[in-house]
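# Structural features, examined
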Amino acid sequence: MQNIARSLLACSLAFFAGGLQADQQTGTRCRCNTRCLSRSQSGGWFTYRSENFELRSRTVLSDADYIVRRCEETRSVLLATWMPPFADKAWVTQCTVVVHTSAGAYSHQTGANAATKGVSSLEINDGRVWKRRVDLLADAPGWCDAVIPHELTHIVLADRFTAHQIPRWADEGFAILSESGNRLAESLHLVDISNRSGELIPLRDLLTASTYPQPPSRAKLFFAQSAAFSAFLAQDHQELLALRFAETGSEKGYDKATTDCAAATDLEDLDAQFHVWLRQRDVEAPKLVKQNADRREAILSTATMID
Ligand SMILES: [Zn+2]
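Note that the structure is predicted; figures quoted are calculated from it, not measured.

### Examining the overall build of the protein
- Of regular secondary structure, the protein possesses eleven helices and eight strands.
- Out of the 307 residues belonging to the protein, those deemed buried represent 50%.
- Sequence-distant contacts, at least 24 apart, represent 65% of the contacts inside the protein between residues at least 6 apart.
- Roughly 14,400 Å² of accessible area belongs to the protein as shown, and the carbon and sulfur atoms make up 51% of that amount.

### Observations concerning the nonpolar core
- Within the largest apolar cluster, 77 residues are counted, with the highest numbers of intra-cluster contacts made by Leu 55, Trp 169, Phe 174, Phe 229 and Phe 245.
- Looking at which element gives the most residues to this core, the answer is helix α7 (residues 216-233), with eleven residues.
- Three or more residues apiece are contributed to this core by two domains, here domain 1 (6-165) and domain 2 (170-289).
- Ranked by size, the runner-up nonpolar core spans five residues in total, among them Tyr 106, Ala 114, Val 119 and Leu 137.

### What to know about helix α9 (residues 254-261)
- When we look at burial in α9, the residues that qualify are Tyr 254, Ala 257, Thr 258 and Cys 261. The buried residues of α9 all sit within an arc of 105° when viewed along its axis, so they share a single face.

### Description of the pairing of strand β6 (residues 95-100)
- Of all six residues making up β6, six are buried, and the element is well covered by its neighbours.
- Side chains Cys 95, Val 97 and Val 99 project from β6 onto one buried face, and the interleaved Thr 96, Val 98 and His 100 project onto a second face that is buried too.
- Two strands pair when backbone bridges link them, and strand β5 (residues 53-57) and β6 are joined in this way by five bridges, in the parallel orientation. The residue of β6 that forms the bridge with Phe 53 is Cys 95.
- Following the chain from β5 across helix α1 (residues 64-82) to the adjacent parallel β6, one finds a crossover that is left-handed.
- The pairing of β6 with strand β8 (residues 128-137) spans six bridges and is classified as parallel. Following the sheet pairing, Val 97 is matched in β8 by Val 134.

### Things to note about the packing of α7 against helix α10 (residues 267-280)
- One can describe the packing of α7 onto α10 by two numbers: an axis separation of 10 Å at closest approach and a directional angle of 95°. Between α7 and α10, the crossing angle belongs to the class labelled roughly perpendicular. Each of Ala 228, Phe 229, Ala 231 and Phe 232 in α7 lies in contact with α10, whose residues at this interface are Leu 270, Gln 273, Phe 274, Trp 277 and Leu 278.

### Here's the deal with the pattern of salt bridges
- Enumeration according to the criterion identifies ten salt bridges in this entry.
- The shortest N-O distance in the salt bridge between Arg 160 and Glu 247 comes to 2.7 Å. In this pair, Arg 160 is assigned in the loop between α3 (144-157) and α4 (168-177) and Glu 247 in helix α8 (residues 239-252), connecting sequence segments 87 residues apart.
- The exposure class of Arg 160 is partly exposed, given its relative accessible area of 29%.
- With a closest N to O distance of 2.7 Å, Glu 179 and Arg 183 form a salt bridge.
- Residue class for Glu 179 comes out buried when judged on its relative accessible area of 7%.

### What about the packing of aromatic side chains?
- With the rule as written, the count across this model stands at 16 aromatic pairs.
- Taking the centre distance of 5.3 Å and the plane angle of 85° together, the rings of Phe 229 and Phe 274 count as edge-to-face. Of this pair, Phe 229 sits in helix α7 while Phe 274 sits in helix α10, and the two are 45 residues apart along the sequence.
- Given the relative accessible area of 0%, Phe 229 is considered buried.
- Above the ring of Trp 130, the side-chain terminus of Arg 128 is found at 3.9 Å from the ring centroid.
- In this structure, Arg 168 packs its charged tip against the face of Tyr 212, placed 4.8 Å from the ring centre.

### Digging into the confidence of the model for the protein
- Looking at the protein as a whole, its pLDDT mean stands at 83, while 80% of the residues score no less than 70.
- Segment residues 1-10 is flagged for pLDDT under 50; beyond a separation of four residues in sequence, or across chains, it makes 43 contacts in the model.
- The low-confidence segment residues 12-34 (pLDDT under 50) makes 51 contacts with residues lying over four places distant or belonging to another chain.

### Looking at the packing of helix α5 (residues 181-196) against α7
- Contact geometry of α5 with α7 gives a least axis separation of 8 Å together with a crossing angle of 105°. It follows that α5 is roughly perpendicular to α7 by the angle criterion. Counting all contacts with α5, which are made through Arg 183, Leu 184, Ser 187, Leu 188, Leu 190, Val 191 and Ser 194, the residues of α7 involved are Lys 220, Leu 221, Phe 223, Ala 224, Gln 225, Ala 227, Ala 228 and Ala 231.
- In terms of residue class, the contact of α5 with α7 is made up of ten nonpolar, three polar and two charged.

Here is what the cut-offs are and how they apply
Residues numbered from 1 in each chain as written. Predicted model: local features only at pLDDT ≥ 70, side-chain atom pairs only at ≥ 80, totals over all residues. Heavy atoms only, no water. Helix = DSSP H or I, 4+ residues; strand = E, 2+ residues; numbered from the N terminus. Buried < 20%, exposed > 50% of the residue type's maximum accessible area, 1.4 Å probe, protein only. Contact = heavy atoms within 4.5 Å. Areas by Shrake-Rupley, 256 points an atom, 1.4 Å probe, with all protein chains shown as cover. Core = buried A, V, L, I, M, F, W, Y, C linked by side-chain atoms within 4.5 Å. Domains from an automatic or database assignment. Arc of directions from axis to C-beta. Pairing = 2+ DSSP bridges. Right-handed = clockwise from strand over helix to strand, strands pointing away. Axes fitted to C-alpha atoms, helices over the stretch in contact; angles between N-to-C directions. Parallel < 35°, antiparallel > 145°, perpendicular 65-115°, else oblique. Salt bridge = Lys/Arg side-chain N within 4 Å of Asp/Glu carboxyl O. Phe/Tyr/Trp six-rings, centres within 6.5 Å; stacked < 30°, edge-to-face > 60°. Lys NZ or Arg CZ within 6 Å of the ring centre and 35° of its normal. pLDDT = per-residue confidence, 0-100. Nonpolar A, V, L, I, M, F, W, Y, C, P; charged D, E, K, R; others polar.

Right, here's the structure in full:
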């Protein structure tokens with residue numbers, strides 16, 4: 001039996017050291033009508049809990065109810081999409097979500113540049129996820145609607161990759177699919193420009209990259225091209241097939257993944273199909289984008305603030 005211990009960080013190469021100490025809980029129950037929160041204050045931290053999340057902040061969060069429910073609903077959408085058999089199952093280990101209200105505090109705690117807006121960290125060992133944590137920077141209106149779906153995609157997908165490292169392209173590409181349609185549209189636009197100038201990352205290099213390429217402009221293209229290739233694989237609601245391609249590629253290589261999980265004779269054929277798709281793609285937003293938009297509307301229409 002393989003015994004793999006690793007920490008994964010998404011969207012940032014930085015590593016946060018240490019961890020937060022569990023506080024003594026003296027919580028009260030709120031009166032929200034669907035997913036009740038408990039809240040507590042200890043050691044300078046305000047903590048709000050739902051079934052699968054523990055939200056923490058150094059300051060009182062007036063929109064804590066919305067954030068926690070956004071996390072729960074996003075998790076439900078992501079599980080239904082990527083791991084349907086687990087859609088109704090709660091995590092044994094809650095995901096800690098730390099909200100930082102200043103760029104300085106965010107960067108100090110995570111070591112990440114404030115431009116990243118979110119950092120996910122996981123501890124995986126003995127075939128299971130032992131720790132889930134997301135650090136978020138809340139520095140602008142509407143901050144959580146893009147970054148929560150993105151970071152929680154990293155968290156949710158980790159349960160499918162406890163024996164093998166999730167490919168970097170799939171981790172970021174699938175996460176961008178979970179964001180708004182604007183982010184995918186921006187990614188496709190950049191890929192179109194790079195394609196016309198002959199600067200796209202060769203497909204095999206994209207699929208086998210274990211780190212973000214440099215310089216930053218190349219890293220930006222890596223994110224965009226990962227999103228475009230993920231959207232290509234997942235077209236016509238084939239997210240599970242796209243995930244199987246990533247899993248097989250991670251375990252057995254992409255020649256095997258191409259013949260087993262894609263309607264292509266080899267990787268060059270798959271690359272040719274990708275380029276045809278880039279020229280002729282359907283402009284309709286992928287299923288994930290629409291689902292997230294629908295969920296967000298549902299939350300906004302029912303959200304109640306904790307008292
Ligand atoms: Zn990411």
